Amino acid sequence: MSQAQGRVAALNMLKKTTKIDSVPFFWTVLLGKSIRYTGRGSLRSFPPESLSAWMVLTVLCAGYGEGHTEIIFKGKVEERKFLAFYIKDDVVVAAASLMFDPAVARVAELMATGQTITNLRMSQHQQPSHDEGGEVTEVVCQESDLKDGQMKEVAVGGQKVLLVRTQGQYSAVGSQCSHYNAPLIKGALVGDRVRCPFHGACFNVRTGDIEEYPGLDCLPSYKVKVKDGKVYVTIDKKHLGLTKRVREMCSVAPGAKHTVLLIGGGPASLLCAETLRQNCYEGQIIMVTKDTLPPFDKPKLSKAMNLDSGSIVLRSTDFYQQHGIEVWLQKEVVSVNPAGKEVKLSDGTSQHYDQLLISTGCRARPLSCPGADLTGVKLLQGYEDAREIHSSCLGKKAVVIGTSFIGMEVASYLSDKAASVCMVGSATYPYERSLGPEIGRMTMQMMQEKNVTFHMNESVTEIRGENGKVKEVVLRSGTILEADVVIAGIGVIPNSDFLAGSGVEVDSKKAVIVDKFLKTNVADVFSAGDVTAFPLTVRGDQRVNIGHWQMSQAQGKVAALNMLKKPTKIDSVPFFWTVLLGKSIRYTGYGEGHTEIIFKGKVEERKFLAFYIKDDVVVAAASLMFDPAVARLAELMATGQTITKAQAQAEDLSWLQM
């Protein structure tokens, strides 16, 4: 209303006579749920019986309900899905809703056009919204509007829908990626699946099922009918407003004897547990993690370090209970005995298993220089570390050692919060070995514009302190940097020390060696996630260790299927992203050992697509402001296509279907 009044005031200042006729519209959000209201709302506006439901909601409101004498409900408040009409003098003067979109928006529009909505109309179920049951069907386009391989975003019942035509058939699914709600219309459609342009998740456009990660949930799918040259999409009214679909899962059977033990509380363990339940495994599932939280969205920690724990956990406590997944927090496995199928925990207890998943991830590599143990020297490993780095750096001098992806993201986050941010790197530019010097130089310039200073081709020889607390950092060149806080981002170490004596094979870098089925060399012991070294399909089964969130989720799923004797190979194409100062660089493939980089666009203008070449073949790609190029390249790689250097060099990129 304030915005509307500001506009009207301006028009009247200009002698353009305009009345304020806006209909009040209000919303409140509680724990991620939105209550909408048309009209002026306060807690007094809502009936007592609705208040207990508010513990988990968002309400939308329209109108002006002061002085109302009656409330008529559609739906059920106790089920946290309702539409409320506020009555005065037999007329609806306001409305509020939860999970009943777009009802309040429609009421507001009717009020805005001067229509009177009567008590009689409401009692006869003639409200300008949907009923509890039934379906809504709308014509969304002509049959000839889309050709094969094309997508269109349409609306049905006020809900956005992704309409797709493939192989002469239309299908319709949810329009938003289930990971971070990116618009899939901007993604890459290859065959029967669409890949999210932002982070690479893939969905089957016929079923809505998630087929590649990140993300956990599927898309809702809708009925499509073509008749008389028109395309109709039908949505069950109960599903209006839903953007995700959780796959059906079973739970543990009473007296279950078989046990799958998951060591580690990351994405691989979570996907393994969910995939087991989705495939009717009714045995005991136990997840053991030394973290204080159940599986959480770890990539966010270096990008937004002051997050509330409730905003990053991937599943609720109720979810684990409902599906019979035990999560043991703040417990650590210290040894594995495959002969006895038993693990020993740090508290001295033991736990039997029938099948075991090692998904312990990696830990941050600590500094080894003198002074590394001073107060104020930080590593980013868990949720508490991120919060501590945030609070300790506010208004202070921060030094970030290591221009890794984590180090750069931390520096980016702190650039407008710390008094100063200095970075120390061993190469000439950040990301020089992974993304190349051109992109590294560009990211360095971006950060320098935000007053982040760089000391490159350097290393730390000593951290000096005073009264046990960090005071300064001494570099190899003799340069001394003032510091209140030092954050190290110099790489990671696989968490596999507890496997000593187990017979489980690890490589020279301590990563657990697995085959294409995520099996280790020990029977009934699988491994997934950052701790593994596995054969990468797109590099001819070269054994690699890749610390990507997406790959960990994919491996967790594949491990579960193989536990269930459903032979499945890990064939995922690596997909990764990093965010600096609000700009996102996307990456797919595996570029280690590349000998050439071919650019499209201009790196210095911060809009480009980079092809990484090895043996005249594109082995990886990176982009900034060039969506959905990397998503499309990932899909082409996933289908087994070889992209040649000649294709990358060509002026015509029509083969990318940009």
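Residues numbered from 1 in each chain as written. Predicted model: local features only at pLDDT ≥ 70, side-chain atom pairs only at ≥ 80, totals over all residues. Heavy atoms only, no water.

- The name that an unreviewed UniProt entry assigns to the protein is Apoptosis inducing factor mitochondria associated 4 isoform X1, with the source organism given as Betta splendens.
- Here the protein is described in UniProt, under the heading Sequence similarities (unreviewed entry), as follows: "Belongs to the FAD-dependent oxidoreductase family." (UniProt positions renumbered as here; feature names shortened; annotations may be inferred.)

**A look at the side chain of Ser175**
For step 1, the next point in the chain: In this fold, Ser175 is placed in the loop between strand 9 (169–174) and strand 10 (188–190).
For step 2, the next point in the chain: Residue Ser175 is classed as buried on the basis of its relative accessible area of 6%.
For step 3, the next point in the chain: For Ser175, the residues in contact, after removing those within four places along its chain, are Glu153, Lys160, Val161, Leu162, Ala182, Pro183 and Leu184. (Helix = DSSP H or I, 4+ residues; strand = E, 2+ residues; numbered from the N terminus. Buried < 20%, exposed > 50% of the residue type's maximum accessible area, 1.4 Å probe, protein only. Contact = heavy atoms within 4.5 Å.)

**What about the UniProt feature "domain: Rieske" (unreviewed entry) in the protein?**
For step 1, the next point in the chain: Annotation from UniProt places "domain: Rieske" (unreviewed entry) at residues 138–233.
For step 2, the next point in the chain: Across residues 138–233, helical content stands at 0% and strand content at 51%; the span's end C-alpha atoms are separated by 6 Å.

**Quick word on unusual backbone geometry**
For step 1, the next point in the chain: Residues Tyr213 and Pro214 are joined by a peptide bond in cis, for which omega reads 20°.
For step 2, the next point in the chain: Looking along the chain, the bond that leaves Asp627 and enters Pro628 is cis, with omega of 0°.
For step 3, the next point in the chain: By the element assignment, Pro628 lies in the loop between strand 41 (617–624) and helix 11 (629–638).
For step 4, the next point in the chain: Positive phi is not limited to glycine here, since Lys15 has a value of about 65°.
For step 5, the next point in the chain: Position of Lys15 among the secondary structure elements: in the loop between helix 1 (2–13) and strand 1 (25–38).
For step 6, the next point in the chain: Positive phi, close to 55°, is recorded for Gln330, a residue that is not glycine.
For step 7, the next point in the chain: Looking at where Gln330 falls in the secondary structure, it is placed in the loop between strand 18 (325–328) and strand 19 (333–337).
For step 8, the next point in the chain: With relative accessibility at 58%, the residue Gln330 sits in the exposed group.

**What about the sheet that holds strand 15 (residues 230–236)?**
For step 1, the next point in the chain: An order of 6-15-14-9-8-7 is seen for the six strands of this open sheet, with the pairing classed as antiparallel. Edge positions in the sheet fall to strand 6 (135–142) and strand 7 (150–156), since each has one partner strand and no second. Adjacent strand axes in the sheet meet at a mean angle of 30°, parallel and antiparallel pairs treated alike. (Pairing = 2+ DSSP bridges. Axes fitted to C-alpha atoms, helices over the stretch in contact; angles between N-to-C directions.)

**Some points on the confidence of the model for the protein**
For step 1, the next point in the chain: Per-residue confidence for the protein gives a mean pLDDT of 91, with 93% of residues at or over 70.
For step 2, the next point in the chain: Taken as a whole, residues 40–57 scores under 50 in pLDDT and shows 45 contacts with residues more than four places along the chain or in a different chain.
For step 3, the next point in the chain: Below pLDDT 50 for its whole length, residues 120–131 participates in 29 contacts with residues either more than four positions away or in separate chains. (pLDDT = per-residue confidence, 0-100.)

**Describing the nonpolar core**
For step 1, the next point in the chain: Membership of the largest hydrophobic core comes to 68 residues, with the highest contact counts inside it found for Val336, Val343, Leu356 and Ile358.
For step 2, the next point in the chain: Ignoring anything within four residues of it in the chain, the contact list for Ile358 reads Ile263, Phe498, Leu499, Val504, Val512, Val525, Phe526, Ser527, Ala528 and Val531.
For step 3, the next point in the chain: Formed by 45 residues, the second largest nonpolar core is a distinct cluster that contains Tyr383, Met447, Tyr587 and Val619. (Core = buried A, V, L, I, M, F, W, Y, C linked by side-chain atoms within 4.5 Å.)

**Examining the pattern of salt bridges**
When the charged atoms of two side chains with opposite charge come close together, those side chains can pair.
For step 1, the next point in the chain: For the structure shown, the criterion picks out 29 salt bridges.
For step 2, the next point in the chain: Across the salt bridge formed by Asp148 and Arg165, the nearest N and O atoms sit 3.7 Å from each other. Pair noted here: Asp148 is in the loop between strand 6 and strand 7 and Arg165 is in strand 8 (residues 159–166), with a separation of 17 residues, a long-range link.
For step 3, the next point in the chain: Classification of Asp148 as partly exposed rests on a relative accessible area of 47%.
For step 4, the next point in the chain: Across the pair Asp571 and Lys516 runs a salt bridge whose closest N-O atoms are separated by 3.2 Å. Taken together, the residues span a long stretch of sequence, with Asp571 in the loop between helix 10 (549–563) and strand 37 (575–580) and Lys516 in the loop between strand 33 (512–513) and strand 34 (525–527) at a distance of 55 residues.
For step 5, the next point in the chain: Here the salt bridges do not stand alone but share partners, grouping Arg193, Arg195, Glu211 and Glu635 into one network. (Salt bridge = Lys/Arg side-chain N within 4 Å of Asp/Glu carboxyl O.)

**Describing the environment of Lys645**
For step 1, the next point in the chain: Relative to the helices and strands, Lys645 resides in helix 12 (residues 645–649).
For step 2, the next point in the chain: As for Lys645 and Gly425, which are separated by 220 residues in sequence, their C-alpha atoms are 32 Å apart.
For step 3, the next point in the chain: Those residues within four positions of Lys645 in sequence are excluded, and the remaining contacts are Glu596, Ile598, Ile613, Asp616 and Val617.

**Looking at helix 11**
For step 1, the next point in the chain: Buried residues dominate helix 11, accounting for nine of its 10 residues.
For step 2, the next point in the chain: Of all the residues in helix 11, the buried ones are Ala629, Val630, Ala631, Arg632, Leu633, Ala634, Glu635, Leu636 and Met637.
For step 3, the next point in the chain: Positive backbone phi, at 90°, marks Gly640, one or two positions downstream of helix 11.

**Re the environment of Arg365**
For step 1, the next point in the chain: Inspection of the secondary structure puts Arg365 in the loop between strand 23 (362–364) and strand 24 (377–379).
For step 2, the next point in the chain: Measuring from C-alpha to C-alpha, the distance between Arg365 and Ile490 comes to 6.2 Å, with 125 residues separating the pair along the chain.
For step 3, the next point in the chain: Apart from residues no more than four positions distant in its own chain, Arg365 is found in contact with Leu379, Ile490, Gly491, Val492 and Ile493.

**Description of the pairing of strand 5 (residues 91–98)**
For step 1, the next point in the chain: Counting buried positions over the eight residues of strand 5 gives six, a clear majority of the element.
For step 2, the next point in the chain: Here strand 4 (residues 81–88) runs beside strand 5; their pairing, made up of seven bridges, is antiparallel. For Tyr86, the partnering residue across the bridge sits in strand 5 and is Ala94.
For step 3, the next point in the chain: Hairpin geometry of strand 4 and strand 5 is characterised by an intervening segment of two residues between the two adjacent antiparallel strands and by a positive phi of about 55° at Asp89.

**As for the side chain of Thr520**
For step 1, the next point in the chain: Note that Thr520 resides in the loop between strand 33 and strand 34.
For step 2, the next point in the chain: Of the polar contacts made by the side chain of Thr520, one reaches the backbone nitrogen of Val522; its length is 3.1 Å.
For step 3, the next point in the chain: In this structure, Thr520 is in contact with Val504, Val512, Ile513, Val514, Val525, Phe526 and Ser527, ignoring residues within four places of it in sequence. (Polar contact = N/O pair within 3.5 Å; in protein donor to acceptor, adjacent residues only side chain to side chain.)

**What about the sheet that holds strand 30 (residues 480–482)?**
For step 1, the next point in the chain: Reading across from one edge, 28-29-30 is the order of the three strands in this open sheet, with antiparallel pairing throughout. Each end of this open sheet is capped by a strand with a single partner; those strands are strand 28 (460–466) and strand 30. Taken pair by pair, the neighbouring strands of this sheet meet at an average axis angle of 30°, ignoring direction.

**Considering the packing of helix 5 (residues 267–278) against helix 10**
For step 1, the next point in the chain: Running from amino to carboxyl end, helix 5 crosses helix 10 at an angle of 35°, the nearest separation of the two axes being 7 Å. Remark: the crossing between helix 5 and helix 10 carries right-handed chirality. Contacts between helix 5 and helix 10 involve Pro267, Ala268, Leu271, Cys272, Thr275 and Leu276 from the first element and Trp549, Ser552, Gln553, Gly556, Lys557, Ala560, Leu561 and Met563 from the second.
For step 2, the next point in the chain: Tallied by class, the residues present in the contact of helix 5 with helix 10 amount to nine nonpolar, four polar and one charged. (Left-handed = near helix turned anticlockwise from the far one by under 90°. Nonpolar A, V, L, I, M, F, W, Y, C, P; charged D, E, K, R; others polar.)

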